[in-house]
Amino acid sequence: MKEFTTEDALYYYSMLSLGHKDEFDSFIISAVNEGADRNSFVYQLYLELDSERGLSELLSDELNHYFENKKKDFYADDRFKANCRITAFYKKQYDNKTMSSKTIAGELGKISDITSCEAFKHISESFSGTDSPALEKAFAEFLNTGRFVYGQFNEDLADDRYDPYKNLKQGRVKNASMGIIDDMMNLHFGNEVKLIKCAGPVQMCVFNMEYLYLPDESKITFDCERGILCPYIDCKDGKRIWPLNIYPGENYCHDVYDVNEVKKIVRLTAQTIKEDN
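Just so it is clear, the model here is predicted, and its values are computed rather than measured. (Residues numbered from 1 in each chain as written. Predicted model: local features only at pLDDT ≥ 70, side-chain atom pairs only at ≥ 80, totals over all residues. Heavy atoms only, no water.)

**Student:** Would you explain the environment of Asp156 in this entry?
**Tutor:** Within the fold, Asp156 resides in strand E2 (residues 153–156). For Asp156, a relative accessible area of 24% translates into the label partly exposed. Apart from the residues within four sequence positions on either side, Asp156 is in contact with Gly146 and Arg147. A polar atom in the side chain of Asp156 sits 2.9 Å from the backbone nitrogen of Ala158. (Helix = DSSP H or I, 4+ residues; strand = E, 2+ residues; numbered from the N terminus. Buried < 20%, exposed > 50% of the residue type's maximum accessible area, 1.4 Å probe, protein only. Contact = heavy atoms within 4.5 Å. Polar contact = N/O pair within 3.5 Å; in protein donor to acceptor, adjacent residues only side chain to side chain.)

**Student:** Hey, could you run me through the nonpolar core in this one?
**Tutor:** One broad rule of soluble globular proteins: the nonpolar side chains tend to lie buried together. Membership of the largest hydrophobic core comes to 50 residues, with the highest contact counts inside it found for Phe4, Leu45, Leu59, Tyr90 and Leu108. Here this core takes 7 residues from helix H1 (residues 6–17), the largest share from any one element. Sequence-distant contacts of Leu108, defined by excluding residues within four places in its chain, comprise Ile86, Tyr90, Phe120, Ile123 and Phe139. One finds Phe189, Val256, Val262 and Ala270 within the second-largest nonpolar core, a separate group that totals 33 residues. (Core = buried A, V, L, I, M, F, W, Y, C linked by side-chain atoms within 4.5 Å.)

**Student:** Which parts of the structure should I look at to understand H1?
**Tutor:** Count 3.6 residues to each turn of an α-helix, and residues three or four apart come out pointing the same way. The end-to-end C-alpha distance of H1, which contains 12 residues, comes to 16 Å, matching closely the 16 Å that a straight helix rising 1.5 Å per residue would cover. Counting buried positions along H1 yields 11 of 12 residues, so the element is predominantly enclosed. All buried positions along H1 are accounted for by Thr6, Glu7, Asp8, Ala9, Leu10, Tyr11, Tyr12, Tyr13, Ser14, Met15 and Leu16. On its buried face, H1 is in contact with helix H2 (21–33), helix H4 (52–62), helix H5 (64–69), helix H6 (76–95) and helix H7 (101–111). Phi turns positive, to about 85°, at Gly19, one or two residues after H1. (Expected span 1.5 Å × (residues − 1).)

No statement about biological role is implied by the geometric values presented.
Quick look at the structure:
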């Protein structure tokens with residue numbers, strides 16, 4: 001079965017926190033029936049299936065990384081996908097008339113902090129006032145499209161989608177090396193690579209840039225911590241390659257503030273990819 005992701009944890013933690021345990025149970029039981037490994041996180045959840053408290057604690061622990069960094073764009077895609085799944089769940093309840101718009105709005109408000117969703121929060125705020133046909137129409141439109149337009153609010157779930165190039169634009173202002181890496185990647189690969197993740201920089205010069213090499217779908221990552229830049233390549237077959245270990249004399253700490261060092265790292269990484277292919 002597929003890996004249990006931050007998106008999954010957010011979705012099921014939200015469902016569980018509002019008492020929608022059936023949604024959770026069906027997922028876990030199906031995963032175990034499909035052969036989930038006994039050492040997997042999903043199997044740990046299965047063992048706690050009769051304990052909502054136990055399930056909640058496991059999911060909360062799994063989401064620690066998210067709750068500590070939930071304002072960071074790194075988890076924007078997970079939030080977006082989880083919020084879309086939550087919206088689809090409530091659309092089904094609304095269409096089947098098993099829950100009213102006001103009840104759904106109240107539940108969305110309760111989980112808005114969990115998934116960092118402004119749309120959920122503002123829908124709840126809107127329904128705390130006087131109901132109106134216009135609000136009901138706006139709510140129904142949100143369930144269908146993910147966009148809530150009512151009064152002073154104009155929210156779209158799609159606005160939360162992760163945009164690495166937006167992050168890069170902001171990041172290169174704070175650390176010029178991020179821009180140099182991207183410029184050199186485009187120089188060496190052209191349209192054969194696509195930036196898929198870009199996080200940072202934060203304190204102590206920590207940032208991460210990940211590219212997809214389109215010809216073979218391998219991933220090229222540039223990690224920087226404490227001003228030391230390190231590249232690695234994750235191949236589709238699961239093998240990880242460290243370019244700086246391949247070339248004699250290059251296995252040392254490369255300074256991210258040295259432009260020539262940064263350019264050399266990208267060049268050696270590109271060389272490694274092309275020689276491997």
